[in-house]
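# Geometric and topological summary
Take a look at the letters that make up each chain.
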Amino acid sequence: MHDDVHLTEGRVSRVLKERLWPAVHTLSTPVSVEWHELPGEPIAPADGLALTYEPVEVGTGWGPAWGTTWFRITGTVPAEWSGKRVELVCDLGFDVSRTGFQCEALAYTAAGEPVKSLNPRNQWVLVASEAVGGEEVELFLEAAANPLLLEHHPFLPTREGDIATSSKRKLYTTRRIELAVFEKDVFELCLDLETLHELQVELPAGPRKSRILQAMDDALDRVDLQRVAETAAAARSVLSGVLEPAAHESAHQIAAIGHAHIDSAWLWPVRETIRKVARTTSSMTELLGEDPDFRYGMSSAQQYAWLKEHRPEVYARVKAAVAEGRFIPLGGMWVESDTTMPSGESLVRQFLYGQRFFESEFGIRCHGVWLPDSFGYSPALPQLMKRAGFDWFFTQKISWNQVNKFPHHTFEWEGIDGSRILSHFPPMDTYSSQLSGAEVAKASRQFQENRVATGSIAPVGWGDGGGGTTREMTGKARRLRDLEGSAQVTWRHPDDFFTEARAELREPPVWVGELYLELHRATLTSQHLTKQGNRRCEHLLVEAERWSATAAVRGLLDYPYDELDALWQQVLLQQFHDILPGTSIAWVHREAVAQYARVATAAEDLIERALTALAGDGTVALSADGRSGAVVAAQPTGVVSVVEEGGTYVLGNELVRITVSAEGLITSALDLATGRDAIPAGAEANLLQLHQDFPNMWDAWDVDRFYRNRATDLREVSSISVTPDGLVIERPISADSSTVQTLSLAPGSRVLEISQRTEWNETEKFLKVAFPLDVRAEQTLAETQFGYHRRPTHTNTSWEAAKFETSMHRWVLAAEPGFGVALVNDSTYGFDVTRPTALTTEVRLSLLRAPRFPDPETDQGVQTHRYGLVIGADVAAATEAGAALNTPAREVTGAQAVEPLVTVSGEGLVVSSVKLAADRSGDLVVRVYESAGARTQGELRVDGRYGRVSEVSLVEDPLAEVSTEGGAVALGLGAFEVRTLRFHRS
């Protein structure tokens, strides 16, 4: 026979697109359309239904950016449609290639009951499964005119990303609003043909492929293109023979779960996410009712909480579906957070607040952490997940690597303390699967563990901006359940998948250390004010808890549970993986910065109230150390000299001497005890460097390696002066930008602190500050949650070379035996390391960027940084200096000193948190970790009377009783181990 494959494929594609899919709704009748365009922010649905409506014609433009238009739709079902399935079909001006990124709507009944959403891939609302002729129809649409920002030519600067700067022009034009008959046979024929067509594309030449091609040709021969509805059933009968053969016994098993991945903010503000959640979940609960096999999963306790508060009717449907086991809460976190930048305590609270919500609302706990789209994963996560009670971890993002292909799909992930957790990412390489033939075949073909395991997960549905699973996808899933030549697809709970994977992989492969994403490296720097707010609020809340717990245990104040919970939840929301990384629109970051200011003010108020209660009413000058919980008498300061010597400047105390050139650059940082200079001879540190920064794509997200090819050293000085605060250096950055640095040294300190104020008005530039160090460091140590992470400084392999921008928390240390130098900071997360010579190491902090998408004003204006050079440092010194910079002692007045509530002794042991238990029992919860990376012994003491002590999980579940002796708890911790102790009230 002649090869007619392409002829058949072309025939099927065109007939599907131009004749069959349009024939799903052919019989139609017009409706009356009225509208009310709101002048401002959205209103409650009850208020929307009560608006005054005016007639409008289909084809009219509507919706300025971020506006809301309410439509009232009325009509009558024709008598001849009795017994048929009737739907309202609406095209509000959709672009079907951009689901979730543009206009969408939520339909309501006249009684105010939410029905389902309308979006580019879901343009219908059920009116009646079996219509009654003459039936009156009345529906309301709450339509959101969200601007399309990630267009076909993406990453173009736009002012539409903030309601304060967006245009007032109408963005959308309605195309179709009418009642129509849903032709089920036509719909099913479309899915039959699409499934078979996509399957045969992936099949090799052979009998199965050929018979599918012939069956499709035969089926289309039965279709009268002018009478599609009447002839669809006959065409389907021809295809049954190729849809019936079962899959091979060795077929790949795909565990599908409905999914929408609703970003809690990104190219839309938080207020719009609240509505996106309502739209998507209304459609998903409706789809659960139509397909008994379908299961849908949604993460983020915050999104459920929004639904409960703002759309209680939809929440009731969700809650009922959760009880049936069909709507599955996933992830056990407050939001799908970034995991690189939040502190250890923040990640603990993500788990604590997430799991407590799911348990209190649904009576369940999540068994796995679901993070498909975060931008790299901290090596501390395995321990934190295990100690929070999780059994598995799911992601997808690592498939986006630029250089290296990750070698596993199902594996054990080992963290910095040796903890391991079973992990999976789908070989489909997507968290928004459509169950296309290409995706299903790719999963089977790419699955790395095919030799020993049989299956993978497929999150199915339109995502990022929501939308979720469609009836087309569930229809494909029915056909792919057991179809020859295809992987087998079944709707499953991810817990069941991981249980089977664990049984199959008796000796799973192991990946040790961070899951570094070889992309989106600039998320460590973009939107500095957002990152600064996060760091400040994290530390303030932990400090507020410690002082409040101390005052409460001593009977001086009631513990502010409600206030702390609300503040933590706000901070946790803003750790979402498109807010904290700085990749959202201007509106999102404007609101985030304002919320951080509110949280900081409230936390400071809690601290002040507790310290006032503890120190009493008096005039004694005191110093309150928020890290130890002690209030002591203020100590007199020692002597620090800042002098000019022949055009250079020298800052010194009893430990170190710093020399600064006439250009304001550090030429020497001498450790007086050892005689070691931290700065190589002839080198200059604290050198600001300006790079051109225009990545190939993903402006706010990415910095590409070639940015290093062009750099400007900022040597010009406007002025240098000695002031009571230290050495002040003013220098221009460009004609439009400048910076002022204050270099200071405290008595008895090895830390040269640099406070920097920058007037930043650059475009597509990257500001770094360089510190060449006279240290031969084969590795750097960078703080992460509850410990540190080692990274090689060489680029022997492509894996190391890809890590040209990496993350830290409060410090990074470059050391050789006997001597080390650390850089500490109060709001910086990104840095890079190179080796200019075999004997030196250069560390550069990443300070500011100026991308133009999605926020064209990223980092513009006044920015502040604090960082420090720790001379003669080891891990302990770096840890102490980083903590001190982020939680400085407070000057207070009172009547007396205050003994700390909790003390710990033992090398490397750090108290991370002191708080009262989340269950409001009044029990004291203390968290301690080993910071140096070595096994250690010590003890912990609490100043108070407690009946017993127990070890608890990170979410405060009981684990084991702990013995005490003489009021002390003996501690034996492994490297980087985190332990949480609960002191029960007597």
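Since we're looking at a predicted model, the values are computed, not measured. (Residues numbered from 1 in each chain as written. Predicted model: local features only at pLDDT ≥ 70, side-chain atom pairs only at ≥ 80, totals over all residues. Heavy atoms only, no water.)

## What to know about the overall build of the protein
- From N to C terminus, the protein includes 18 helices and 52 strands.
- For the protein, whose C-alpha radius of gyration is 31 Å, the value lies close to the compact-globule estimate of 30 Å for 986 residues.
- Contacts in the protein between residues at least 24 apart in sequence constitute 75% of all its contacts with a sequence separation of at least 6.
- Approximately 36100 Å² of the protein is accessible, and the part contributed by carbon and sulfur atoms is 49%. (Helix = DSSP H or I, 4+ residues; strand = E, 2+ residues; numbered from the N terminus. Rg over C-alpha atoms; globule rule 2.2 N^0.38 Å. Contact = heavy atoms within 4.5 Å. Areas by Shrake-Rupley, 256 points an atom, 1.4 Å probe, with all protein chains shown as cover.)

## Section: unusual backbone geometry
- In this structure, P854 follows F853 across a cis peptide bond, with omega equal to 5°.
- Within the secondary structure, P854 is located in the loop between β42 (841-849) and β43 (861-871).
- Positioned with a positive phi, W66 is a non-glycine residue whose angle comes to about 70°.
- Along the chain, W66 turns up in the loop between β4 (61-62) and β5 (67-76).
- Given the relative accessible area of 1%, W66 is considered buried.
- The backbone phi angle of R920 is positive, close to 65°, even though this residue is not glycine. (Buried < 20%, exposed > 50% of the residue type's maximum accessible area, 1.4 Å probe, protein only.)

## Structural notes on the sheet that holds strand β37 (residues 787-792)
- Pairing is antiparallel across the open sheet formed by nine strands, whose spatial order is β31-β32-β33-β34-β43-β40-β39-β36-β37. The open sheet has two free edges, formed respectively by β31 (719-723) and β37, since each of these has just one partner strand. Each neighbouring strand pair of the sheet contributes to a mean axis angle of 20°, computed without reference to strand direction.
- Two elements, strand β39 (residues 811-816) and strand β40 (residues 819-825), share six bridges in a ladder whose sense is antiparallel. (Pairing = 2+ DSSP bridges. Axes fitted to C-alpha atoms, helices over the stretch in contact; angles between N-to-C directions.)

## Here we look at the pairing of strand β47 (residues 924-930)
- The buried count for β47 comes to seven of seven residues, which makes it a mostly enclosed element.
- Side chains of β47 alternate between two faces, with L924, V926, V928 and E930 and V925, R927 and Y929 buried alike.
- Both strand β46 (residues 909-916) and β47 contribute to a ladder of seven bridges, which runs antiparallel. Within the sheet, the bridge partner assigned to K915 lies in β47 and is V925.
- Where β47 and strand β52 (residues 978-985) come together, six bridges link them in antiparallel fashion.

## A few points about the side chain of E286
- If you trace the backbone, E286 turns up in helix α6 (residues 270-290).
- For the buried E286, which has no salt bridge, the nearest side chain bearing the opposite charge is R85, at an N-O separation of 4.6 Å.
- When near neighbours in sequence (up to four residues on either side) are disregarded, E286 contacts V115, K116, W124 and R317. (Lys, Arg positive; Asp, Glu negative; His and termini not counted. Salt bridge = Lys/Arg side-chain N within 4 Å of Asp/Glu carboxyl O.)

## Quick look at the pattern of salt bridges
- Per the counting criterion, the structure on display carries 78 salt bridges.
- Among the ionic pairs, R85 bridges to E87, the shortest N-O distance being 2.7 Å.
- According to the relative accessible area criterion, R85 is buried, its value standing at 17%.
- By relative accessible area, E87 is classed as buried at 0%.

## Let's talk about the packing of aromatic side chains
- Applying the stated criterion across every chain yields a total of 46 aromatic pairs.
- Note on Y304 and F358: the rings are 5.3 Å apart at their centroids and 90° apart in plane angle, and the pair reads as edge-to-face. Here Y304, found in helix α7 (residues 301-310), pairs with F358, found in helix α9 (residues 344-362); they are 54 residues apart in sequence, far enough to count as distant. Like F358, Y304 is buried.
- Clustering of aromatic rings is evident, with ring pairs tying together F294, Y296, Y304, Y315, F327, W334, F357, F358, F362 and W491.
- Across from the ring centre of F182, 5.4 Å away, lies the NZ or CZ of R85, which sits over that ring.
- Lying across the ring of Y829, R535 places its NZ or CZ 4.6 Å from the centre. (Phe/Tyr/Trp six-rings, centres within 6.5 Å; stacked < 30°, edge-to-face > 60°. Lys NZ or Arg CZ within 6 Å of the ring centre and 35° of its normal.)

## A word on the environment of S905
- When you line up the elements, S905 lands in strand β45 (residues 902-905).
- Once the C-alpha coordinates of S905 and L330 are considered, the two residues, 575 residues apart in sequence, prove to be 39 Å apart.
- If near-sequence neighbours (up to four positions away) are discounted, S905 is found in contact with Q937, G938 and E939.

## Re the pairing of strand β18 (residues 410-414)
- Burial of β18 is extensive: five of the five residues sit out of reach of the surface.
- Side chains T410, E412 and E414 of β18 all project onto a buried face; the interleaved residues F411 and W413 project onto the opposite face, where all are buried too.
- Sheet topology places β18 next to strand β19 (residues 420-424); five bridges connect them, and they run antiparallel. Note that in β19 the partner of T410 across the bridge is H424.
- What sits between the antiparallel neighbours β18 and β19 is a turn of five residues, in which G418 has the positive phi angle 95°.
- Of the pairings in the sheet, the one linking β18 to strand β22 (residues 510-512) comprises three bridges and is parallel in character. Pairing of E412 across the sheet is with V510, part of β22.

## A look at the packing of helix α3 (residues 184-202) against helix α12 (residues 471-480)
- With their axes 10 Å apart at the nearest point, α3 and α12 run at an angle of 60° to one another. On the basis of their axis angle, the class for α3 and α12 is oblique. Between α3 and α12 lies a crossing whose hand is right-handed. Residues F187, E188, L191, D192, E194, T195 and E198 of α3 pack against R471, E472, G475, K476, R478, R479 and L480 of α12. (Parallel < 35°, antiparallel > 145°, perpendicular 65-115°, else oblique. Left-handed = near helix turned anticlockwise from the far one by under 90°.)

## So, α12
- Burial analysis of α12 places eight of its ten residues in the buried class, the great majority of the element.
- Those residues of α12 lying buried are R471, M473, T474, G475, K476, A477, R479 and L480.

## Describing the nonpolar core
- Ranked by size, the top nonpolar core spans 217 residues in total, and within it L20, F351, W413, L924 and F983 carry the most contacts.
- Once residues lying within four places of it in the same chain are set aside, the contact partners of L924 are A549, V553, L901, V902, V914, K915, L916, V942, Y946, L981, R982 and F983.
- In this structure, A685, I729, L767 and A850 belong to the second largest nonpolar core, which totals 46 residues. (Core = buried A, V, L, I, M, F, W, Y, C linked by side-chain atoms within 4.5 Å.)

## Thoughts on α7
- The element α7 is extensively covered by neighbouring structure, given that seven of its ten residues are classed as buried.
- Residues of α7 that are buried include every one of A301, Q302, Q303, Y304, A305, W306 and L307, and no others.
- For α7, the elements touching its buried residues are α6, β14 (296-299), α8 (312-323), β15 (327-330), α9 and α15 (561-573).

## Here we look at the sheet that holds strand β10 (residues 136-145)
- Taken in spatial order, the six strands of this open sheet run β3-β2-β5-β10-β7-β8, and their pairing is antiparallel. Lying at the two open borders of the sheet, with one neighbouring strand each, are β3 (54-55) and β8 (114-118).
- Pairing analysis gives two bridges linking strand β2 (residues 32-37) to β3, with the strands arranged antiparallel. Opposite E34, over in β3, you have P55 as the bridge partner.

Note that every value here comes from positions in space, so none of it alone points to a role or purpose.
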